[in-house]
Amino acid sequence: MHYSSILPDVLKIADAASEKVLSIYMTDFKVDYKADESPITAADVASHRVIVAGLRNLSHDIPVLSEEGAEIPWSERKQWHRFWLIDPVDGTKDFTQRTGEFTVNIALIENGEPILGVVTAPALKEAYWGLKGEGAYKRDRTGRVHRISVATPGETKRIVASKNHLNEETRAFIDKLGAHELVQAGSSLKFCKIAEGHADIYPRLGPTCEWDTGAAHAVLSAAGGKVETLDGEPLKYGKEDVLNPFFVAAGNCYK
């Protein structure tokens, strides 16, 4: 399969899901909570349905793993060498707090690596996408599309962080990096800030799942960046445990 040929269709699916999410965002929506106490709204469910239906129509032979459909047993998932990985709405706290910094995420994973990713920010009217070997792109709120890439950092590193997840362990890690400034961003937009050259490093020393990172990881990789565990190993996907280890996402400034 030539993934460049299906990328426009994946973007259309993400845009359709984004429209559905935005229509709910503009209402007085209800917030429910899952068993792990994480928030969920009708937007998560609606986006999930649009994306799963779209991807199955596009590529019926590629299985789909979604945050809102994650009960697929390992005995089945371990047979997957290629699969779609989606987070219908990443940054549900940003959604419920109405910051606008929530995203719709679709990734294609192959042999543990995210090779294609689409990230849309419905409220910001922005979209990012990337494909291994073919670069990364951003569509701004005017509809203009341009290629993006990681920046060459200056003396002061720009550390992207989340106001919702800046724990003491992360603060200690950041302090060891020397001169820096903090760049605030929500959801998977933290990766995208690095991909477009607006930040340099994103350390995540807290819990995330594979669907939280897959699409934006693909965008960052295509833009010339990388995502590694604290041991310096590439962040991998398709594990039995969908929780990610702690990681650092970066442009070309972190060793």
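Residues numbered from 1 in each chain as written. Predicted model: local features only at pLDDT ≥ 70, side-chain atom pairs only at ≥ 80, totals over all residues. Heavy atoms only, no water.

- Taking an unreviewed UniProt entry as the reference, the chain is identified by name as 3'(2'),5'-bisphosphate nucleotidase CysQ belonging to Marinobacter panjinensis.
- If you open the UniProt record of the chain and go to Catalytic activity (unreviewed entry), you find "adenosine 3',5'-bisphosphate + H2O = AMP + phosphate".
- In UniProt, the chain has this text filed under Sequence similarities (unreviewed entry): "Belongs to the inositol monophosphatase superfamily. CysQ family." (UniProt positions renumbered as here; feature names shortened; annotations may be inferred.)

### Looking at the nonpolar core
And then number 1: Counting 37 residues, the largest nonpolar core has Leu85, Phe191, Ile194 and Leu220 as the members making the most contacts within it.
And then number 2: Broken down by secondary-structure element, the contributors of at least two residues to this core are strand E4 (82-90), strand E5 (103-110), strand E6 (113-121), helix H6 (189-195), helix H7 (210-222) and strand E14 (247-250).
And then number 3: Among the elements that take part in this core, H7 stands out by supplying six residues, more than any other.
And then number 4: A domain split of this core shows at least three residues from each of domain 1 (3-148) and domain 2 (157-250).
And then number 5: Ignoring anything within four residues of it in the chain, the contact list for Phe191 reads Tyr202, Thr213, Ala216, His217, Leu220, Val227, Phe247 and Ala249.
And then number 6: One finds Ile24, Ala46, Val52 and Trp129 within the second-largest nonpolar core, a separate group that totals 33 residues. (Core = buried A, V, L, I, M, F, W, Y, C linked by side-chain atoms within 4.5 Å. Buried < 20%, exposed > 50% of the residue type's maximum accessible area, 1.4 Å probe, protein only. Helix = DSSP H or I, 4+ residues; strand = E, 2+ residues; numbered from the N terminus. Domains from an automatic or database assignment. Contact = heavy atoms within 4.5 Å.)

### Looking at the environment of Asp15
And then number 1: Structurally, Asp15 is set in helix H1 (residues 3-25).
And then number 2: Sequence spacing of Asp15 and Ala127 is 112 residues, and the spatial spacing of their C-alpha atoms is 8.6 Å.
And then number 3: Setting aside chain neighbours within four positions, we find Asp15 in contact with Thr120 and Arg139.
And then number 4: A distance of 2.8 Å separates a polar atom in the side chain of Asp15 from a polar atom in the side chain of Arg139. (Polar contact = N/O pair within 3.5 Å; in protein donor to acceptor, adjacent residues only side chain to side chain.)

### Overview of the UniProt feature "binding site: Mg(2+) 2" (unreviewed entry) in the chain
And then number 1: Per the UniProt annotation, the sites labelled "binding site: Mg(2+) 2" (unreviewed entry) are Asp87, Asp90 and Asp212. What stands out for the annotated residues spanning 126 residues is how close their C-alpha atoms remain, the widest pair being 6.4 Å apart.
And then number 2: Assignment of secondary structure puts Asp90 in strand E4.
And then number 3: Those residues within four positions of Asp90 in sequence are excluded, and the remaining contacts are Phe102, Thr103, Asn105, Ser187, Ser188 and Asp212.

### Regarding the pattern of salt bridges
And then number 1: All told, the structure shown has eleven salt bridges when counted by the stated rule.
And then number 2: The closest approach of N and O atoms between Lys132 and Glu113, which form a salt bridge, is 3.1 Å. With Lys132 in the loop between strand E7 (126-131) and strand E8 (135-139) and Glu113 in strand E6, the pair connects residues that are 19 residues apart, well separated along the chain.
And then number 3: Overall, the relative accessible area of 52% leaves Lys132 in the exposed class.
And then number 4: As a salt-bridge pair, Glu196 and Lys138 come within 3.0 Å of each other at their nearest N and O atoms. Separated by 58 residues along the polypeptide, Glu196 in the loop between H6 and strand E12 (201-204) and Lys138 in strand E8 bring together distant segments of the chain. In terms of burial, Glu196 and Lys138 fall into one category: buried.
And then number 5: When salt bridges with common partners are traced through the structure, they connect Lys34, Glu67 and Glu68 into a single cluster. (Salt bridge = Lys/Arg side-chain N within 4 Å of Asp/Glu carboxyl O.)

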